[in-house]
Structure formats: C-alpha cells, structure tokens
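# Commentary on secondary and tertiary structure
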Amino acid sequence: ISEGPTDQKVIKNILAGFTNNKDIFFNPLQPKEGEPGNWDKVFKFCASDEFKSAFAFNDFIIVQIDTDFMSGDSVGKDYKIDLKDLNIAEIVEAFKNKLIDLIGIEFYEKYSNNILFAIAVNEIECWLLPIYYQDKKAAKWVNCLGTLNQKLNREHDFTIDKNAKGKTDYAKISKPFLKKKDLLNYAKNQASFQLFIDELNTKVSLKP
C-alpha cells in the first residue's frame with residue numbers, strides 16, 4: 001500500500017535486496033496497476049474492509065507513506081498529525097499510531113506481526129540519497145528531491161519532475177538496493193529508512 005507506483009518500485013527493490021530474492025512476489029494493493037495514487041488514498045485504504053480482506057492472499061502488508069504532505073493546508077482534521085518539534089523517530093511513531101487507529105487497534109494487534117510501516121521522512125527520495133552521496137548529504141531529510149536531482153543530472157542525464165514522477169524509472173535509480181550488504185549500509189544514513197529495516201528484521205523470517 002503506497003502513495004504511488006514509483007514508491008512501490010523502491011519498496012520492491014528494498015524487499016528483493018533484503019530477502020536476497022529478486023523474484024519476490026509483490027502485490028500492489030493501492031494504487032493498483034495503472035491507477036493513480038495519493039497520500040489520502042493510503043489513509044482511506046487502511047481504514048477500509050479491503051485492507052482487512054487482503055490478509056487472505058498476502059503474507060505481509062506494507063504501508064508506505066511520505067510525511068511531507070503534512071506541512072500542506074489540504075490535510076483534513078481526520079488525518080491531521082501534529083509533528084511540531086518532533087525528531088525523525090517521533091515523526092515515524094506518530095504516523096504509525098495514526099495508521100493503526102485507521103486500521104483499528106484490535107485488528108492491528110491481531111495481525112501486527114504481518115503489518116509493516118515504511119514511513120519516509122520527509123519523502124522516499126531521501127532514502128535514495130545514500131546511493132548517490134557519501135558525504136553528509138546522504139543523511140539529509142529536507143529538500144531531498146532537489147538534492148537527488150543534482151546527482152541524477154550528472155550521472156544519468158535526467159532529473160525527476162515532482163509533478164510527473166511516473167515518467168522516471170525509480171526501479172533503475174534504486175537498483176543498488178538489490179544487494180543486501182549495500183542496502184543495509186545505505187539505510188544507516190537515513191533514520192526513517194533504518195526504522196523500516198528494523199521492522200523487516202523483526203517481522204520477516206528469512207529462509208536459509
């Protein structure tokens with residue numbers, strides 16, 4: 001469950017690298033193939049019966065969302081989260097609590113070992129920075145897209161248009177995540193990324 005198909009491509013590469021399985025079964029629930037997505041649709045899906053029924057044919061459900069939209073004025077009171085003066089770990093926890101409320105605490109407690117949260121502070125492009133930067137910019141969590149574009153322009157001769165992300169091959173730019181050793185090193189630079197890796201380590205049992 002994610003904001004959009006570009007986020008799904010990044011998450012899929014993370015999962016493939018973490019499990020050492022490039023053929024991992026990955027089932028997009030929201031948005032589905034060819035459908036538009038958005039942050040509010042993530043919240044609505046988590047509160048839906050479709051979320052609950054998805055456990056009939058999925059081992060794990062991952063909920064991905066960026067936190068940057070919360071700074072906008074379009075967030076209704078039902079979804080508003082107070083992030084004032086919070087650090088990255090606290091922001092992630094606040095979002096998790098909101099999503100758990102939408103899922104339903106009783107249902108979440110029943111399936112908590114099978115629900116993982118990939119909450120990117122402030123945007124999933126921040127998680128890509130360690131691939132392209134080895135200095136302090138690898139740990140940035142503001143203006144990540146602009147910083148990422150500087151490197152993409154030099155190394156791949158293209159940039160990501162914020163309003164047309166679907167035209168960029170996120171599978172290609174996140175391909176280095178497919179190597180587990182590198183993936184784990186990249187995650188150490190981004191606190192919210194590392195928290196997702198921690199959830200994978202805790203909840204996903206890997207076969208030898």
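Residues numbered from 1 in each chain as written. Predicted model: local features only at pLDDT ≥ 70, side-chain atom pairs only at ≥ 80, totals over all residues. Heavy atoms only, no water.

### Focus: the pattern of salt bridges
Here is the rule we go by: Each reported salt bridge corresponds to a side-chain nitrogen of Lys or Arg within 4 Å of a carboxyl oxygen of Asp or Glu. In this description a helix means any DSSP run of H or I spanning at least four residues, a strand means any run of E spanning at least two, and both kinds are numbered starting from the N terminus. Buried means the residue's accessible area, taken with a 1.4 Å probe over protein chains only, is under 20% of the maximum for its type, while exposed means over 50%, and partly exposed covers the values in between.
Overall, the coordinates contain five salt bridges when judged by the stated rule. Lys 32 is the partner of Glu 50 in a salt bridge, and the nearest nitrogen-oxygen pair spans 2.7 Å. Note that Glu 50 is positioned in helix 3 (residues 49–53) and Lys 32 in the loop between helix 1 (5–19) and helix 2 (39–46), a separation of 18 residues in sequence. A relative accessible area of 40% means that Glu 50 is categorised as partly exposed. Between Lys 203 and Glu 199 there is a salt bridge whose closest N-O contact spans 3.8 Å. Here Lys 203 pairs with Glu 199, and both are found in helix 10 (residues 191–203), just four residues apart, close to one helical turn. The class for Glu 199 is buried, based on a relative accessible area of 11%. Here the residues in one salt-bridge network are Lys 96, Glu 199 and Lys 203, joined through shared partners.

### Regarding the environment of Lys 9
As a reminder of what qualifies: Should any heavy atoms of two residues lie within 4.5 Å, those residues are counted as being in contact.
Relative to the assigned elements, Lys 9 resides in helix 1. Discounting chain neighbours no more than four positions away, the residues touching Lys 9 are Tyr 170, Ala 171 and Ser 174.

### A few points about the environment of Ile 173
Take Ile 173: it is sitting in helix 8 (residues 170–173). You can call Ile 173 buried: its relative accessible area is 0%. Counting along the chain gives 163 residues from Ile 173 to Val 10, while the straight-line C-alpha distance between them is 8.6 Å.

### Examining the layout of surface pockets
Worth spelling out the cut-off: Within this scheme a cavity is a closed region of a 1 Å grid, computed over the protein atoms alone, that accommodates a 1.4 Å probe without allowing it to escape, whereas a pocket is open but has protein on both sides within 12 Å along at least five of seven lines; lining residues each have an atom within 4 Å of a point. Grid points are joined across faces, edges and corners, and a volume is the space filled by probe spheres set on the points. Note on residue categories: nonpolar means Ala, Val, Leu, Ile, Met, Phe, Trp, Tyr, Cys or Pro, charged means Asp, Glu, Lys or Arg, and polar means any other residue, Gly included.
When its volume is computed, the largest pocket comes out at roughly 700 Å³. Lining the largest pocket are 26 residues; nearest its centre among them are Leu 15, Ile 24, Phe 25, Phe 60 and Ile 62. Of the residues forming the lining of the largest pocket, the biggest block, four residues, is contributed by helix 1. Looking at the lining of the largest pocket, its residues break down into 16 nonpolar, eight polar and two charged.

### Some words on the pairing of strand 2 (residues 115–120)
If a strand is regular, its side chains alternate between the two faces of the sheet. The following threshold applies: Between any two strands, at least two bridges found by DSSP are needed for them to pair.
Judged by how many residues are buried, strand 2 sits mostly within the fold: six of six residues are covered. A two-sided burial pattern is seen for strand 2, the buried positions comprising Ile 115, Phe 117 and Ile 119 on one face and Leu 116, Ala 118 and Ala 120 on the other. The pairing of strand 1 (residues 61–66) with strand 2 spans six bridges and is classified as parallel. Note on strand 2: the bridge partner recorded for Asp 66 is Ala 120.

### Overview of helix 2
Heads up, the condition is: Here the arc refers to the directions that run from the helix axis out to each C-beta atom.
Among the residues of helix 2, Trp 39, Val 42, Phe 43, Phe 45 and Cys 46 are the ones counted as buried. The arc that holds the buried residues of helix 2, viewed along the axis, is 165 degrees, so those residues lie on one side. Each element contacted by the buried residues of helix 2 is listed here: helix 3, strand 1 and helix 4 (88–103).

### Some thoughts on the packing of aromatic side chains
Put simply, the rule is: In this scheme Phe, Tyr and Trp rings, the latter by its six-membered ring, pair at centre separations within 6.5 Å, and the angle between planes marks the pair as stacked below 30 degrees, edge-to-face above 60, and tilted otherwise. Definition used: whenever NZ (Lys) or CZ (Arg) falls within 6 Å of the ring centre and also within 35 degrees of the ring normal, the charge is taken to sit over that ring.
Inspection of the entire model under this criterion finds 11 aromatic pairs. A ring pair is formed by Phe 55 and Tyr 111, whose centres lie 4.5 Å apart and whose planes are at 25 degrees; its orientation type is stacked. On the criterion of sequence distance, the pair formed by Phe 55 in the loop between helix 3 and strand 1 and Tyr 111 in helix 5 (residues 105–111) is long-range, its members being 56 residues apart. Measuring from ring centre to ring centre gives 6.1 Å for Tyr 108 and Phe 117, while their planes differ by 40 degrees; the resulting arrangement is tilted. Accessibility classification places Tyr 108 together with Phe 117 in one group, the buried group. What links up through ring pairs into an aromatic cluster is the set Trp 127, Phe 177, Tyr 186, Phe 193 and Phe 196. Against the face of Phe 107 rests Lys 52, its NZ or CZ located 5.3 Å from the ring centre. Here the guanidinium or amino end of Lys 180 rests over the ring plane of Phe 18, the centre of that ring lying 4.6 Å away.

### Focus: the side chain of Lys 96
Our working rule: Pairs of N or O atoms are called polar contacts if they sit within 3.5 Å, as long as, within protein, a hydrogen donor faces a hydrogen acceptor (for residues adjacent in sequence, only side-chain-to-side-chain pairs).
Looking at the element boundaries, Lys 96 is found in helix 4. Only 3.1 Å separates the side chain of Lys 96 from the side chain of Glu 199, close enough to count as a polar contact. Setting aside anything within four residues of it in sequence, one finds Lys 96 in contact with Phe 117, Ile 119 and Glu 199.

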